[in-house]
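# Observations on chain architecture
What follows is the residue order along each chain.
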Amino acid sequence: MDGLGNIIVTTDNAISSRMYFWVPPSPSTYGWEGSIDEAYHMSLNGQPLGFLGHARDVFWESTWVTFLDIAQRQIIQHPRQPEGALLHSAVNPTGGMHEVLADGTLNAYGATGELRWSLSVASLLNGPVGALGVNTEGHALLLSAGAPSEGAVSVEGVWVDSSGQPGTPFLALTLDQAPGGESRYALAPLLEGGLVLGVENAFGKQWVAAFDGLQAASSPLPSWLDGGDGRRFELLPGGKGYLRWSQVTAEGQGCQNEAQLIAASGESCGKVILPAMDAQEACGKISMGGDGTVLNELNPRWMDVEKPFNYCRIRWWPALFRQ
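My aim in this report is to walk through the structure given alongside it, one point at a time. (Residues numbered from 1 in each chain as written. Predicted model: local features only at pLDDT ≥ 70, side-chain atom pairs only at ≥ 80, totals over all residues. Heavy atoms only, no water.)

Our focus in this paragraph is the nonpolar core. Leu-106, Val-121, Leu-132 and Leu-142 are the most contacted members of the largest nonpolar core, which totals 16 residues. Excluding anything up to four places from it in sequence, Leu-142 contacts Val-100, Leu-106, Val-121, Leu-125, Val-129, Ala-131, Leu-132, Glu-156, Gly-157, Val-158 and Val-160. In this structure, Leu-143, Trp-159, Leu-187 and Leu-197 belong to the second largest nonpolar core, which totals 15 residues. (Core = buried A, V, L, I, M, F, W, Y, C linked by side-chain atoms within 4.5 Å. Buried < 20%, exposed > 50% of the residue type's maximum accessible area, 1.4 Å probe, protein only. Contact = heavy atoms within 4.5 Å.)

Now the structure itself:
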């Protein structure tokens, strides 16, 4: 979903190496459908006036930055990147996105995919980048996990400000703070410029540390994220607070998605429960767009047992959590 409530649906097509997309009609635009040659898959994020992301070829080796301009019905494809170049990508809450390449290059793109600046961060950190996040002011934080030591790792970090100027590397997590084993790291923005670090491994996901904007040290987690609850959260439009999703199943009913509303202060403001699925239906993926529209992607179903394809269903609530 973009900032106007437009929704895009894409299909992976390994047979013809062409990715198809469809934008259903909405109050702000007419429906639009099209395709991208040589693309098999596309990861997208909503921007104020369209969708920005990376298209990948059928072998998942080469990527290229692509912007879908919904208002003008145009596809803007930027030059293809070298094979295996893309390492991490993160949405910029102020518009655009950042990406880290395998050679240690950090690129910052504007809201339509134009390159704003590029910086080599390979010499700033002692290891490969393990997580990338961008805060609500457009400043990026990169984290690198060092070599394992007795079941734990040290995590190093460096901030790069919105103009592309790097700060001084710092110890983000000590050995006793960093989870050991095979873990995946992810950074999520907080209001007022902070970022929080989530770690996911065989034991589940949890939030482990917070980082204030451009500060070379970790800080305590907000109280509403503490306690081992690793559920994801999203920023409500207009900086009013946060939204956290969970799934509930009432007796005799199908799955329901439940949204907990949290004020900027961390105080709980109540819950919104969406209509239940059929008794045999799973909840599916759920997300919120920049204008507060909520999209629920239901699980695929087979069209017919004799046909080698399935179909997907979606439902959405326009501007449900608008400003």
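In this structure, Arg-80 sits in strand S7 (residues 74–80). As for Arg-80 and Ser-62, which are separated by 18 residues in sequence, their C-alpha atoms are 7.0 Å apart. Other than its neighbours up to four places away in sequence, Arg-80 contacts Glu-38, Asp-57, Ser-62, Thr-63 and Trp-64. Within the structure, Arg-80 has its side chain in polar contact with the side chain of Glu-38 (distance 2.7 Å). (Helix = DSSP H or I, 4+ residues; strand = E, 2+ residues; numbered from the N terminus. Polar contact = N/O pair within 3.5 Å; in protein donor to acceptor, adjacent residues only side chain to side chain.)

Turning to the pattern of salt bridges, a few remarks are in order. By the definition in use, this model includes 5 salt bridges. Arg-232 is the partner of Glu-234 in a salt bridge, and the nearest nitrogen-oxygen pair spans 3.3 Å. Given the relative accessible area of 34%, Arg-232 is considered partly exposed. With a closest N to O distance of 3.4 Å, Glu-258 and Lys-271 form a salt bridge. In this pair, Glu-258 sits in strand S21 (residues 255–263) while Lys-271 sits in strand S22 (residues 268–273), placing the two residues 13 residues apart along the sequence. A cluster of three or more residues bridged by salt bridges with shared partners is formed by Glu-38, Asp-57 and Arg-80. (Salt bridge = Lys/Arg side-chain N within 4 Å of Asp/Glu carboxyl O.)

Moving on: the sheet that holds strand S2 (residues 18–23). Remark on secondary structure: sheet strands pair via backbone hydrogen bonds, oriented parallel or antiparallel. The antiparallel open sheet is built from 3 strands, whose spatial order is S1-S2-S3. Each end of this open sheet is capped by a strand with a single partner; those strands are strand S1 (9–11) and strand S3 (32–37). Neighbour-to-neighbour, the strand axes of the sheet open up by a mean angle of 20 degrees, direction not taken into account. Pairing analysis gives 6 bridges linking S2 to S3, with the strands arranged antiparallel. Opposite Trp-22, over in S3, you have Glu-33 as the bridge partner. (Pairing = 2+ DSSP bridges. Axes fitted to C-alpha atoms, helices over the stretch in contact; angles between N-to-C directions.)

What follows concerns the pairing of strand S24 (residues 294–297). Where strand S23 (residues 285–288) lies against S24, 4 bridges are found, and the strand directions are antiparallel. By the bridge assignment for S24, Met-288 is matched with Val-294. In this structure, the hairpin formed by S23 and S24 is closed by a connection of 5 residues, where Gly-292 is found at a positive phi of approximately 90 degrees. Pairing geometry for S24 and strand S27 (residues 314–317), over 4 bridges, is antiparallel. Note that in S27 the partner of Asn-296 across the bridge is Arg-315.

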